[in-house]
Each structure stands twice: as structure tokens, then as C-alpha cells.
Amino acid sequence: MTISITWTNETAELSDSLEREQSRAESLNGQLTSYKEREQELVDREVAVEAREVDADDREVELERREAAVSKVEQQVAATTLKDGHVYTVGSTMEAGTYQANPTGGSCYWVIYTSGTNYSDIVENDYGTMGSITVTVSAGQDFRSSKCGDWTKVG
């Protein structure tokens, strides 16, 4: 009978121990599942960050392309903007074409001369008024203005 009680006690202890180990295994399995889910969330976040970095790189390349285009236009505008009070020679110090100014006062004067005549052969001139003034110059001409503001090439 002692053997039977001992056997019963050992069986009960082993059964309790098995239940504890099974409970512990279930807990560890739950933790493992949780870790795997968190790992997948991290992988998903890494993919999202990489996609954002690619998008940012694409946006940076596009921005650089746009900045280059704007810079080119700004350089063209600067190269074709005539400063008031200067004399320009078409084909040498200015491009042929149509220019526009927006004087703010009533005393704007502009003049187009035949090049090489020491400014004595006036092709066209006018006293401008407020608002937009447009002149067209071509090769073989000189251009000067006074109190008209800067002239911008428009055509």
C-alpha cells in the first residue's frame, strides 16, 4: 500500500508538473506569436520607410530638375532684361526682338537709332505714358531709354 500511495503521489506531482509546463509552453507560444507579429510590423514599417525614402529621392530629383529649369529661365530673363539709361546694340549687347517696360511715371522716353550713326539717325522714338510700352528692335539698331524702368524681352 505504501508503494501505491507513493505511486499516486508521484503521479499527482508529475501531472501537476506537466500542467505547469503545458501552461508555461502555451504562455511561451503566445509570446512567440506576439514577437512574430511585432517582427512583421517592423518589417512592414521598414518597407514603408524605404518607400518613403525612394519617394523622397524621386521628389529630390524632380526638385533638382525643376530648379535647373527655373535657373535657366532666370538666366535667360537676366540676359534679356535691359536696364534703363543704358545704350544697347542689337546683336551685340542685346538680342533682337520685342521688349516691354512698365513705366510708373509720365516722363519715359525711348529711342531706336540706326547703328553706327553716332545716335543721329533716329528710326523710332516716343515719350511713353503710364502702362505697358512695347518696342521691337532688329539687327543694325541701337536702343536707349530714360525713366522707363527695366525692359523685359517678350518676343
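Note that this is a predicted model, so its numbers are computed, not measured.

Scoring rules and cut-offs
- Residues numbered from 1 in each chain as written.
- Predicted model: local features only at pLDDT ≥ 70, side-chain atom pairs only at ≥ 80, totals over all residues.
- Heavy atoms only, no water.
- Helix = DSSP H or I, 4+ residues; strand = E, 2+ residues; numbered from the N terminus.
- Buried < 20%, exposed > 50% of the residue type's maximum accessible area, 1.4 Å probe, protein only.
- Contact = heavy atoms within 4.5 Å.
- Areas by Shrake-Rupley, 256 points an atom, 1.4 Å probe, with all protein chains shown as cover.
- Lys, Arg positive; Asp, Glu negative; His and termini not counted.
- Charge placed at Lys NZ, Arg CZ, Asp CG, Glu CD.
- Polar contact = N/O pair within 3.5 Å; in protein donor to acceptor, adjacent residues only side chain to side chain.
- Pairing = 2+ DSSP bridges.
- Axes fitted to C-alpha atoms, helices over the stretch in contact; angles between N-to-C directions.
- Core = buried A, V, L, I, M, F, W, Y, C linked by side-chain atoms within 4.5 Å.

Caption draft 1: Layout of the overall build of the chain. Along the chain, the regular secondary structure elements total one helix and eight strands. Counted from the first residue to the last, the chain has its helices and strands arranged as α-β-β-β-β-β-β-β-β. When its C-alpha atoms are laid out on the principal axes, the chain stretches across 140 × 30 × 20 Å. Per-residue burial over the chain gives 17% buried out of 155 residues. Of the contacts made within the chain by residues no fewer than 6 positions apart, 73% connect residues no fewer than 24 positions apart. On the chain, roughly 11,400 Å² of surface is accessible, and the fraction owed to carbon and sulfur atoms is 52%. Positive and negative side-chain charges of the chain, numbering 14 and 28 respectively, have mean locations separated by a distance of 6 Å.

Caption draft 2: The arrangement of the side chain of Ser-145 in detail. Of note, Ser-145 is situated in strand β7 (residues 141–146). Within the structure, Ser-145 has its side chain in polar contact with the side chain of Asp-84 (distance 2.6 Å). Other than its neighbours up to four places away in sequence, Ser-145 contacts Asp-84, Gly-85, His-86, Tyr-109, Trp-110 and Trp-151.

Caption draft 3: Local environment of the sheet that holds strand β5 (residues 122–128). In space, the four strands of this open sheet follow the order β2-β7-β4-β5, with antiparallel pairing throughout. At either margin of the open sheet sits one strand with a lone partner, and together these are β2 (87–89) and β5. Sheet twist, expressed as the average angle between the axes of neighbouring strands with direction ignored, equals 15 degrees. When β2 meets β7, the two strands line up antiparallel, connected through three bridges. By the bridge assignment for β7, Val-87 is matched with Arg-144.

Caption draft 4: Spotlight on the nonpolar core. By size, the foremost hydrophobic cluster in this structure holds 15 residues, and its most contacted members are Met-94, Phe-143 and Trp-151. Elements with a minimum of two residues in this core: β3 (97–101), β4 (108–114) and β6 (133–137). What Met-94 contacts, discounting residues up to four positions off in sequence, is Leu-82, Tyr-88, Thr-89, Tyr-99, Val-137 and Phe-143.

Caption draft 5: Looking closely at the environment of Ser-132. Secondary-structure assignment places Ser-132 in the loop between β5 and β6. Since its relative accessible area comes to 45%, Ser-132 is described here as partly exposed. As for Ser-132 and Cys-148, which are separated by 16 residues in sequence, their C-alpha atoms are 9.9 Å apart. Discounting chain neighbours no more than four positions away, the residues touching Ser-132 are Gln-100, Ala-101 and Asn-102. A polar contact is formed between the side chain of Ser-132 and the side chain of Gln-100, at a distance of 2.3 Å.

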